[in-house]
Each structure stands twice: as C-alpha cells, then as structure tokens.
Amino acid sequence: MNPTNRALILGATGGIGGEIARQLQATGWRVRALSRNAPRHADGLEWIRGDALDASAVMRASHDCDVIVHAVNPPGYRRWGELVLPMLDNTIAAARRAGALIVLPGTIYNYGPDALPLIDEDAPQRPRTRKGAIRVAMEDRLHAFAGDGGRALIVRAGDFFGPRPGNSWFSQGMISAGRPVQRIANPAVAGIGHQWAYLPDVARVVAALLGRRDELPAFARFHLAGYWDTDGQGMAQAIARVVTARTGTAPRIGGFPWWALGLAAPFNATFRELLEMRYLWRTPVRLDNTRLVDFLGHEPRTPLDEAVEATLRGIGCLPPAATRPPTASLVSW
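Here the residue numbers are simple positions, counted from 1 along each chain's written sequence. A pLDDT threshold of at least 70 governs which residues receive local features in this predicted model, and a stricter bar of 80 or more applies before side-chain atom pairs are shown or counted, although totals over entire chains, interfaces and linings include all residues. Hydrogens are left out, water is left out, and the side-chain values use all remaining heavy atoms of the structure.

### Brief notes about the sheet that holds strand S8 (residues 159-161)
For the record, the criterion: In this scheme, strands are said to pair when DSSP sees at least two bridges between them. Secondary structure follows DSSP: runs of H or I at least 4 residues long count as helices, runs of E at least 2 residues long count as strands, and numbering of each begins at the N terminus. Orientation is described by lines fitted to C-alpha atoms, with helices fitted over the stretch in contact, and by angles between N-to-C directions that extend from 0 to 180 degrees.
Strand order in the open sheet made by the three strands is S8-S10-S12, with mixed pairing throughout. The sheet is open, and its two edges are formed by S8 and strand S12 (227-229), each paired on a single side. Strand-to-strand twist across the sheet, computed as the mean angle between neighbouring axes with direction ignored, equals 35°. Bridge count between S8 and strand S10 (residues 194-198): three bridges; the pairing is parallel. Bridge pairing in S10 links Phe161 to Tyr198.

Okay, here's the thing in structure tokens:
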C-alpha cells in the first residue's frame, strides 16, 4: 500500500467507522479521525476534535485526504431525520475540495417489498419507511456528486455484529451487552431468512476495494453476502452454542418482545423506527454479492461461531478465560 494514502473517518468511535479505521491502518493507510470527544487511547489514529455537523471542521480535517469514510450519525441519534443529510452535505463539500472519494456504509433500509428477496446493486430503491427514504436520498446525493466529477463508493451489508458493534440488533436487541447471556430474544420469524454481517469482514472488504479504487467507476456499489441465516434461527442458535461451550450454561432462546415496542412507540422515536423496520424480519432479505466476488475474487468471511465468540467477548458477555466447561443441552422456549 502506498504510504501516502490517507483517509478521514467520520464516525470512528462507532461500530463500522471504527472497524474501517483499524483495518485501513493495518493495511498501511494513515488514518485521521474527526470526533467530538477523542478517546483517551488513540490506537495510533490521528484524532482531531470537531463535529461532523460543522462544515468548516470537516473541511479542515479532510485536507490532503484521499478518502473520506462517512460512517457518522447525529449525537445519540437525536433529530436523525433532520441532521443526516446536512452532515452528508458537509462531507460532499469537503470531498469536492480535497478531491477525495467518499465511502458510505449502505443499509438494507433502502428497499421495499418490490426488491425482495434477493437484492443486487441495481435493484429499485422504493422504501416504505421514513428512514429508508432518507437513506435513498443520501445515495442519490452521492450519485449526483459522482456525476459532477466526484467519486463515491457504497458498500452494503446486513445487520452488523462484532466485538465493537456500536448500535446493533445483536448487542441491544437479542442480548444485553456487558451481561452474561441467560436469554436470547430473537426478532426473526421462524422459517424466514435474515442477513448478518461481521464488522471486521465488512471493513476488510472496504479496505480491499479502496486498495483498487483506481479501477472503480465514479459511482460504485457493492453488496456483501455476509452470513445468511436460512431460517431465522441460526444466529440465535450460534449465540446459544457459543455461550454453552464457553460457560457450561445454556441460555434460553425466546421471541423478541415486539409488543413492548408497540406500547412504548408513541413516546419514543427510536422505538417507532424499530417498529417501522419490522418488515425486514418478516420477509427474507438477502443481498447478492456476485458483483463483489467478480471484482475481488472472493468475500472474506470469518467462521460464524468464531465471529460470534469474538463479539460476545468484545461486548462483555463472556469472560476472557479460554477454559471450556462441558457442553450442556440447549433450552428453547
């Protein structure tokens, strides 16, 4: 890797932004991170204090950068619908001035039922939710930026999990980070497949694509296959399997309390958005990675149980000891 390659990460304290920062650094990039509160341990990154909502701060931080990774959200996701597009506009303006390529981690929220179940990069984006419509608007702005001389790369994956996942269904919905796993609340419907993505694997793909960015079109989209949970039970079973092997105690597998979200939704915007996205758990949603494999030759994929164990250890749900007590029987209900 050319040692002059430099990337600015917006959202480096979050799940996907942090993983991309670490992976780029590991492959020889010089990585700069803009954050309202730089962490005490900088991990070798060049931290700059600033806010992605401040156009001048983003402009200054992006000086001499080849790539800007836009993986940032408003503080606490408050006023998300009002602020995400202005934040992206700041990134676009900075990238235009620096001549940088923009990387956006994509989501499956962009798609409505007409694009399901197998989605390639050219599938129509006609979402039925407010959040999905905003995500489409973000990609439209990047498409316009690329059409006006800029460059943009969108890498789309399923639901994230990993040792430092940030906000995720895995660590906030199915289990509770920082606590022993006694019960697993599965949001999926039995028999309905669901797609997951291990954050370190996603970051490896981003780094590999950026390593060949001169071969990419001005506006490029790639989908990851990640882990396809065929019947919606595989991830919950993997968590139970790993916890049982590591602790000797089998957690219970139950359903996710959607009813509780329904009761709280009138008073909580986040819960309302989660309910809006429930359709993604009620129908198979699978990304087609043919374009990615054709370009890179493969998609990196950590074995599922290894990825789940690293995630549980990273979020404080498993003890660090490597001892493995005898396996107990799984208990489902």
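Here the narrative resumes.
### Digging into helix H1 (residues 15-26)
Worth spelling out the cut-off: Between the first and last residue of a helix there are one fewer steps than residues, each counted as 1.5 Å, and that sum is the expected span. For each residue, the accessible area found with a 1.4 Å probe, counting protein chains only, is set against the maximum for its type, and the residue is called buried under 20%, exposed over 50%, and partly exposed in between. Contacts: residue pairs with any heavy atoms within 4.5 Å of one another.
In this model H1 runs 17 Å from its N-terminal to its C-terminal C-alpha over twelve residues, within 8% of the 16 Å that 1.5 Å per residue would give. Taking burial as the measure, the twelve residues of H1 include nine buried ones, the bulk of the element. When we look at burial in H1, the residues that qualify are Gly15, Ile16, Gly17, Gly18, Glu19, Ile20, Ala21, Gln23 and Leu24. The inward-facing, buried residues of H1 abut strand S1 (6-10), strand S2 (30-35), strand S4 (67-70), strand S5 (101-106), S8 and helix H6 (199-211). Taken from the residues just after H1, Gly28 is the one with a positive phi, measuring 100°.

### As for the nonpolar core
Going by this rule: What we call a nonpolar core is a set of buried Ala, Val, Leu, Ile, Met, Phe, Trp, Tyr and Cys residues that are connected through their side-chain atoms within 4.5 Å.
Core analysis: the biggest nonpolar cluster contains 37 residues, and Ile9, Leu24, Leu153, Leu209 and Leu210 have the highest contact counts within it. Take this core: its biggest share by element is eight residues, from H6. Every residue in contact with Leu24, bar those within four places of it in the chain, is listed here: Ala7, Ile9, Trp29, Val31, Ala207 and Leu210. Ile253, Leu261, Trp281 and Ala310 belong to the second-largest nonpolar core, a separate cluster that totals 31 residues.

### Here we look at the pattern of salt bridges
Operational definition: Here a salt bridge means any side-chain nitrogen of Lys or Arg lying within 4 Å of a carboxyl oxygen belonging to Asp or Glu.
Per the counting criterion, the structure on display carries 18 salt bridges. For Asp122, the salt bridge identified is with Arg291, shortest N-O distance 3.0 Å. Of the two residues, Asp122 is situated in the loop between strand S6 (118-119) and helix H4 (130-147) and Arg291 in helix H11 (residues 290-296); the sequence distance between them amounts to 169 residues. Among the salt bridges present, the one from Arg246 reaches Glu309, with a minimum N-O distance of 2.9 Å. With Arg246 in helix H7 (residues 234-247) and Glu309 in helix H12 (residues 304-314), this pair connects stretches of sequence that are 63 residues apart.

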